[in-house]
Amino acid sequence: DGGITQSPKYLFRKEGQNVTLSCEQNLNHDAMYWYRQDPGQGLRLIYYSQIVNDFQKGDIAEGYSVSREKKESFPLTVTSAQKNPTAFYLCATRQGTAGNTIYFGEGSWLTVV
Amino acid sequence: AQSVTQLGSHVSVSEGALVLLRCNYSSSVPPYLFWYVQYPNQGLQLLLKYTTGATLVKGINGFEAEFKKSETSFHLTKPSAHMSDAAEYFCAVSKGDDKIIFGKGTRLHILP
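Residues numbered from 1 in each chain as written. Chains lettered and ligands numbered in written order. Predicted model: local features only at pLDDT ≥ 70, side-chain atom pairs only at ≥ 80, totals over all residues. Heavy atoms only, no water.

Remarks on the overall build of chain A
For step 1, the next point in the chain: From N to C terminus, chain A includes 0 helices and 11 strands.
For step 2, the next point in the chain: Element order for chain A, N to C, with α for helix and β for strand: β-β-β-β-β-β-β-β-β-β-β.
For step 3, the next point in the chain: In terms of overall dimensions, chain A has C-alpha extents of about 40 × 30 × 30 Å along its principal axes.
For step 4, the next point in the chain: Across the 113 residues in chain A, those meeting the buried criterion constitute 50%.
For step 5, the next point in the chain: In chain A, the proportion of contacts linking residues at least 24 apart, taken out of those at least 6 apart, comes to 52%.
For step 6, the next point in the chain: Carbon and sulfur atoms make up 48% of the accessible area of chain A, which amounts to about 5,300 Å² in all.
For step 7, the next point in the chain: Taking the 11 positively charged and 11 negatively charged side chains of chain A as two groups, their mean positions are separated by 5 Å. (Helix = DSSP H or I, 4+ residues; strand = E, 2+ residues; numbered from the N terminus. Buried < 20%, exposed > 50% of the residue type's maximum accessible area, 1.4 Å probe, protein only. Contact = heavy atoms within 4.5 Å. Areas by Shrake-Rupley, 256 points an atom, 1.4 Å probe, with all protein chains shown as cover. Lys, Arg positive; Asp, Glu negative; His and termini not counted. Charge placed at Lys NZ, Arg CZ, Asp CG, Glu CD.)

A few points about the interface of chain A and chain B
For step 1, the next point in the chain: Counting from both sides, the interface comprises 25 residues of chain A and, opposite them, 23 residues of chain B.
For step 2, the next point in the chain: Between chain A and chain B, the buried area comes to about 1,900 Å², and carbon and sulfur atoms account for 51% of it.
For step 3, the next point in the chain: Our count for the contact surface shared by chain A and chain B stands at 0 salt bridges.
For step 4, the next point in the chain: One can count 6 residue pairs in polar contact (both at pLDDT 80 or more) joining chain A with chain B.
For step 5, the next point in the chain: Of all elements in the fold, only strand S4 (31–38), strand S5 (42–51), strand S9 (87–94) and strand S10 (102–104) of chain A reach the threshold of two or more residues within the side of chain A that touches chain B.
For step 6, the next point in the chain: When residues of the side of chain A that touches chain B are assigned to their parent elements, the largest contribution, 5 residues, is made by S5 of chain A.
For step 7, the next point in the chain: Looking at the side of chain A that touches chain B residue by residue, the class counts come to 12 nonpolar, 9 polar and 4 charged. (Buried area = accessible area lost by both parts, 1.4 Å probe. Salt bridge = Lys/Arg side-chain N within 4 Å of Asp/Glu carboxyl O. Polar contact = N/O pair within 3.5 Å; in protein donor to acceptor, adjacent residues only side chain to side chain. Nonpolar A, V, L, I, M, F, W, Y, C, P; charged D, E, K, R; others polar.)

A few points about the nonpolar core
Side chains that are nonpolar tend, in soluble globular proteins, to be buried together.
Residue and element names in this part refer to chain B.
For step 1, the next point in the chain: Ranked by size, the top nonpolar core spans 27 residues in total, and within it Trp35, Leu48, Leu76 and Tyr89 carry the most contacts.
For step 2, the next point in the chain: Of all the secondary structure elements, the ones that give two or more residues to this core are strand S2 (10–14), strand S3 (19–26), strand S4 (32–38), strand S5 (44–50), strand S7 (64–68), strand S8 (73–78), strand S9 (87–94) and strand S11 (106–111).
For step 3, the next point in the chain: Residues contacting Leu76, with those up to four places away along its chain left out, are Val19, Leu20, Leu21, Trp35, Leu47, Leu48, Phe63, Glu64, Ala65 and Tyr89. (Core = buried A, V, L, I, M, F, W, Y, C linked by side-chain atoms within 4.5 Å.)

Things to note about the packing of aromatic side chains
The geometry of an aromatic ring pair is captured by two quantities: the separation of the ring centres and the angle between the planes.
For step 1, the next point in the chain: Scanning the entire structure with this criterion turns up 14 aromatic pairs over all chains.
For step 2, the next point in the chain: Measuring from ring centre to ring centre gives 5.8 Å for Tyr36 of chain B and Phe102 of chain B, while their planes differ by 55°; the resulting arrangement is tilted. Here Tyr36 of chain B, found in strand S4, pairs with Phe102 of chain B, found in strand S10 (residues 101–102); they are 66 residues apart in sequence, far enough to count as distant. The two residues Tyr36 of chain B and Phe102 of chain B agree in class, both being buried.
For step 3, the next point in the chain: The rings of Tyr33, Tyr35, Tyr48 and Phe104 of chain A together with Phe34, Tyr36 and Phe102 of chain B are connected pair by pair, giving a single aromatic cluster.
For step 4, the next point in the chain: Cation over ring: Arg68 of chain A sits above Phe74 of chain A, and NZ or CZ is 6.0 Å from the ring centre. (Phe/Tyr/Trp six-rings, centres within 6.5 Å; stacked < 30°, edge-to-face > 60°. Lys NZ or Arg CZ within 6 Å of the ring centre and 35° of its normal.)

A look at unusual backbone geometry
Residues and elements named next belong to chain A.
For step 1, the next point in the chain: In this structure, the amide linkage connecting Ser7 to the following residue, Pro8, adopts the cis form with an omega of -10°.
For step 2, the next point in the chain: Of note in the backbone geometry, Asn28 takes a positive phi value of approximately 65° without being a glycine.
For step 3, the next point in the chain: Secondary-structure assignment places Asn28 in the loop between strand S3 (19–25) and S4.
For step 4, the next point in the chain: Under the relative-accessibility criterion, Asn28 is labelled exposed at 51%.
For step 5, the next point in the chain: In this structure, Asn53 is a non-glycine residue whose phi angle is positive, near 65°.
For step 6, the next point in the chain: Mapped onto the secondary structure, Asn53 falls in the loop between S5 and strand S6 (54–57).

Here we look at the sheet that holds strand S6 (residues 56–58) of chain B
Residue and element names in this part refer to chain B.
For step 1, the next point in the chain: The 5 strands are arranged S1-S3-S8-S7-S6 in an open sheet whose pairing can be described as antiparallel. Two strands bound the open sheet, and with one partner strand each, they are strand S1 (3–7) and S6. With strand direction ignored, the average angle separating the axes of adjacent strands in the sheet is 20°.
For step 2, the next point in the chain: Two elements, S1 and S3, share 5 bridges in a ladder whose sense is antiparallel. If you follow Ser3 over to S3, its bridge partner there is Ser26. (Pairing = 2+ DSSP bridges. Axes fitted to C-alpha atoms, helices over the stretch in contact; angles between N-to-C directions.)

Side note on the pairing of S11 of chain B
All names here are of chain B.
For step 1, the next point in the chain: Residues Thr106, Leu108 and Ile110 line the buried face of S11, whereas the alternating positions Arg107, His109 and Leu111 sit on a face that is not buried.
For step 2, the next point in the chain: Sheet topology note: the S9/S11 ladder contains 3 bridges and is antiparallel. Bridge assignment links Tyr89 to a residue of S11, and that residue is Thr106.

What follows is the structure, given as C-alpha coordinates:
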(Lines give C-alpha, C1' and ligand atoms only; values in the text may rest on other atoms or scores of the structure.)
Protein backbone atom coordinates (compact mmCIF):
# COMPACT_ATOMS: atom_id res chain seq x y z
CA ASP A 1 0.00 0.00 0.00
CA GLY A 2 1.55 3.29 -1.06
CA GLY A 3 1.80 6.37 1.07
CA ILE A 4 3.29 7.92 4.14
CA THR A 5 3.55 5.94 7.37
CA GLN A 6 4.00 7.65 10.71
CA SER A 7 4.69 5.71 13.88
CA PRO A 8 3.82 5.45 16.61
CA LYS A 9 0.33 6.92 16.49
CA TYR A 10 0.39 7.68 20.22
CA LEU A 11 3.49 8.22 22.34
CA PHE A 12 3.96 9.20 25.94
CA ARG A 13 7.19 10.74 27.15
CA LYS A 14 8.49 11.55 30.56
CA GLU A 15 10.00 14.95 31.07
CA GLY A 16 13.71 14.96 30.28
CA GLN A 17 13.53 12.15 27.74
CA ASN A 18 14.23 12.31 24.02
CA VAL A 19 11.78 10.57 21.71
CA THR A 20 11.90 9.87 17.99
CA LEU A 21 8.92 9.91 15.66
CA SER A 22 9.21 7.83 12.53
CA CYS A 23 8.14 8.90 9.03
CA GLU A 24 8.53 6.55 6.07
CA GLN A 25 7.29 7.09 2.51
CA ASN A 26 7.18 4.91 -0.59
CA LEU A 27 5.97 7.64 -2.94
CA ASN A 28 9.52 8.33 -4.13
CA HIS A 29 9.05 12.00 -3.28
CA ASP A 30 12.10 14.20 -2.91
CA ALA A 31 10.89 16.67 -0.28
CA MET A 32 9.79 15.76 3.22
CA TYR A 33 8.42 17.97 6.00
CA TRP A 34 7.58 17.90 9.68
CA TYR A 35 4.80 20.09 11.05
CA ARG A 36 3.53 20.57 14.56
CA GLN A 37 -0.19 21.15 15.14
CA ASP A 38 -1.63 22.76 18.27
CA PRO A 39 -5.30 23.69 18.72
CA GLY A 40 -6.04 27.09 17.23
CA GLN A 41 -2.54 27.57 15.87
CA GLY A 42 -2.69 25.69 12.61
CA LEU A 43 0.37 23.89 11.31
CA ARG A 44 3.84 25.19 12.05
CA LEU A 45 6.88 24.01 10.13
CA ILE A 46 9.62 22.36 12.19
CA TYR A 47 12.10 21.06 9.60
CA TYR A 48 12.09 20.19 5.93
CA SER A 49 14.38 18.32 3.58
CA GLN A 50 14.64 18.59 -0.19
CA ILE A 51 17.26 15.89 -0.77
CA VAL A 52 19.09 13.15 1.09
CA ASN A 53 21.66 14.34 3.62
CA ASP A 54 20.32 17.89 3.58
CA PHE A 55 17.64 19.63 5.65
CA GLN A 56 16.61 23.13 6.71
CA LYS A 57 15.10 24.61 9.83
CA GLY A 58 11.53 25.76 9.72
CA ASP A 59 9.85 28.32 11.94
CA ILE A 60 9.98 26.36 15.22
CA ALA A 61 13.09 24.13 15.01
CA GLU A 62 14.37 24.76 18.54
CA GLY A 63 14.28 21.58 20.64
CA TYR A 64 13.95 19.30 17.61
CA SER A 65 16.40 17.43 15.37
CA VAL A 66 16.07 15.45 12.15
CA SER A 67 18.11 13.31 9.79
CA ARG A 68 17.69 12.34 6.14
CA GLU A 69 20.00 9.41 5.51
CA LYS A 70 17.60 7.74 3.09
CA LYS A 71 15.13 9.19 0.64
CA GLU A 72 12.29 7.21 2.18
CA SER A 73 12.88 8.18 5.79
CA PHE A 74 12.80 11.46 7.74
CA PRO A 75 12.70 10.79 11.50
CA LEU A 76 12.05 13.61 13.97
CA THR A 77 13.62 13.61 17.43
CA VAL A 78 11.94 15.67 20.12
CA THR A 79 14.66 16.48 22.61
CA SER A 80 14.43 17.38 26.27
CA ALA A 81 15.21 20.95 25.23
CA GLN A 82 11.72 21.28 23.77
CA LYS A 83 9.83 22.87 26.63
CA ASN A 84 6.29 22.15 25.51
CA PRO A 85 6.36 19.08 23.27
CA THR A 86 2.80 17.85 23.77
CA ALA A 87 1.22 18.19 20.32
CA PHE A 88 0.09 16.43 17.15
CA TYR A 89 2.97 15.93 14.71
CA LEU A 90 2.44 15.60 10.98
CA CYS A 91 4.89 14.35 8.39
CA ALA A 92 4.40 15.33 4.75
CA THR A 93 6.02 14.80 1.38
CA ARG A 94 6.05 16.51 -2.01
CA GLN A 95 7.48 15.69 -5.38
CA GLY A 96 9.00 18.25 -7.68
CA THR A 97 8.22 21.94 -7.77
CA ALA A 98 6.54 24.16 -5.25
CA GLY A 99 3.15 24.12 -6.96
CA ASN A 100 2.78 20.41 -6.50
CA THR A 101 0.55 18.88 -3.86
CA ILE A 102 1.94 18.15 -0.43
CA TYR A 103 0.74 14.82 0.99
CA PHE A 104 0.33 14.09 4.69
CA GLY A 105 0.70 11.09 6.93
CA GLU A 106 -1.89 10.25 9.57
CA GLY A 107 0.00 12.02 12.34
CA SER A 108 1.47 11.12 15.72
CA TRP A 109 0.26 12.29 19.12
CA LEU A 110 2.99 13.02 21.63
CA THR A 111 2.07 13.58 25.25
CA VAL A 112 4.48 14.49 28.04
CA VAL A 113 3.59 12.88 31.35
CA ALA B 1 7.20 37.26 4.28
CA GLN B 2 4.19 35.42 3.07
CA SER B 3 1.30 34.69 5.39
CA VAL B 4 -2.21 33.31 5.40
CA THR B 5 -5.21 34.61 7.32
CA GLN B 6 -8.35 32.58 7.76
CA LEU B 7 -11.26 34.63 9.03
CA GLY B 8 -13.23 32.82 11.69
CA SER B 9 -11.83 29.94 13.71
CA HIS B 10 -15.32 28.41 13.82
CA VAL B 11 -18.10 28.61 11.24
CA SER B 12 -21.55 27.07 11.61
CA VAL B 13 -23.98 26.52 8.75
CA SER B 14 -27.22 24.60 8.44
CA GLU B 15 -27.34 21.43 6.40
CA GLY B 16 -28.17 22.40 2.81
CA ALA B 17 -26.95 25.98 3.21
CA LEU B 18 -24.06 27.67 1.46
CA VAL B 19 -20.60 27.11 2.90
CA LEU B 20 -18.16 30.03 2.72
CA LEU B 21 -14.74 29.81 4.35
CA ARG B 22 -12.52 32.86 3.94
CA CYS B 23 -8.82 32.97 3.22
CA ASN B 24 -6.60 35.96 2.52
CA TYR B 25 -2.92 35.76 1.78
CA SER B 26 0.01 38.10 1.54
CA SER B 27 2.70 37.39 -0.96
CA SER B 28 5.08 39.53 -2.94
CA VAL B 29 4.84 37.23 -5.95
CA PRO B 30 1.98 35.27 -7.49
CA PRO B 31 1.46 32.40 -5.11
CA TYR B 32 0.38 28.82 -5.27
CA LEU B 33 -2.73 28.38 -3.11
CA PHE B 34 -4.22 25.29 -1.49
CA TRP B 35 -7.19 24.22 0.60
CA TYR B 36 -6.90 21.13 2.78
CA VAL B 37 -9.44 19.33 4.99
CA GLN B 38 -8.69 17.49 8.22
CA TYR B 39 -10.97 15.03 9.99
CA PRO B 40 -10.37 14.30 13.68
CA ASN B 41 -7.09 12.53 14.49
CA GLN B 42 -6.12 12.31 10.84
CA GLY B 43 -3.71 13.96 8.45
CA LEU B 44 -4.69 16.61 5.93
CA GLN B 45 -6.24 15.84 2.57
CA LEU B 46 -6.07 18.14 -0.44
CA LEU B 47 -9.41 19.64 -1.50
CA LEU B 48 -8.16 21.83 -4.34
CA LYS B 49 -5.29 24.02 -5.44
CA TYR B 50 -4.56 27.01 -7.65
CA THR B 51 -1.30 27.18 -9.57
CA THR B 52 -1.88 29.01 -12.86
CA GLY B 53 -4.66 29.44 -15.39
CA ALA B 54 -8.35 29.52 -14.56
CA THR B 55 -9.04 31.42 -11.36
CA LEU B 56 -12.09 29.34 -10.41
CA VAL B 57 -10.84 26.02 -9.17
CA LYS B 58 -13.04 22.99 -8.58
CA GLY B 59 -12.11 20.38 -6.03
CA ILE B 60 -13.38 17.22 -4.45
CA ASN B 61 -16.67 16.80 -2.56
CA GLY B 62 -18.33 19.70 -4.41
CA PHE B 63 -16.00 22.41 -3.11
CA GLU B 64 -14.58 25.21 -5.22
CA ALA B 65 -12.48 28.31 -4.67
CA GLU B 66 -11.79 31.47 -6.62
CA PHE B 67 -8.42 33.17 -6.78
CA LYS B 68 -8.88 36.95 -6.71
CA LYS B 69 -5.56 38.66 -7.09
CA SER B 70 -6.94 42.16 -6.56
CA GLU B 71 -8.40 41.11 -3.21
CA THR B 72 -5.56 38.69 -2.33
CA SER B 73 -8.23 36.15 -1.49
CA PHE B 74 -8.90 32.47 -2.09
CA HIS B 75 -12.25 31.77 -0.42
CA LEU B 76 -13.66 28.24 -0.33
CA THR B 77 -17.32 27.62 -1.13
CA LYS B 78 -19.81 24.80 -1.45
CA PRO B 79 -23.41 25.43 -2.55
CA SER B 80 -25.06 22.98 -0.17
CA ALA B 81 -23.55 21.75 3.08
CA HIS B 82 -23.70 18.12 4.08
CA MET B 83 -23.23 16.66 7.55
CA SER B 84 -20.10 14.89 6.32
CA ASP B 85 -18.49 18.28 5.61
CA ALA B 86 -17.96 18.88 9.32
CA ALA B 87 -14.18 19.08 9.70
CA GLU B 88 -11.33 21.55 9.99
CA TYR B 89 -10.23 23.37 6.86
CA PHE B 90 -6.83 24.88 6.19
CA CYS B 91 -5.77 27.38 3.58
CA ALA B 92 -2.10 27.31 2.55
CA VAL B 93 0.22 29.35 0.35
CA SER B 94 3.53 28.70 -1.35
CA LYS B 95 5.39 31.27 -3.36
CA GLY B 96 7.68 28.94 -5.24
CA ASP B 97 10.24 27.88 -2.70
CA ASP B 98 9.89 24.69 -0.73
CA LYS B 99 8.07 26.17 2.23
CA ILE B 100 4.30 25.97 2.49
CA ILE B 101 2.64 28.25 5.01
CA PHE B 102 -0.68 27.23 6.54
CA GLY B 103 -3.40 29.33 8.07
CA LYS B 104 -4.66 28.61 11.58
CA GLY B 105 -7.65 26.68 10.32
CA THR B 106 -11.43 27.04 10.37
CA ARG B 107 -13.59 24.43 12.03
CA LEU B 108 -16.81 23.93 10.12
CA HIS B 109 -19.89 22.85 12.06
CA ILE B 110 -22.99 21.61 10.24
CA LEU B 111 -26.32 22.15 12.00
CA PRO B 112 -29.12 19.66 11.31
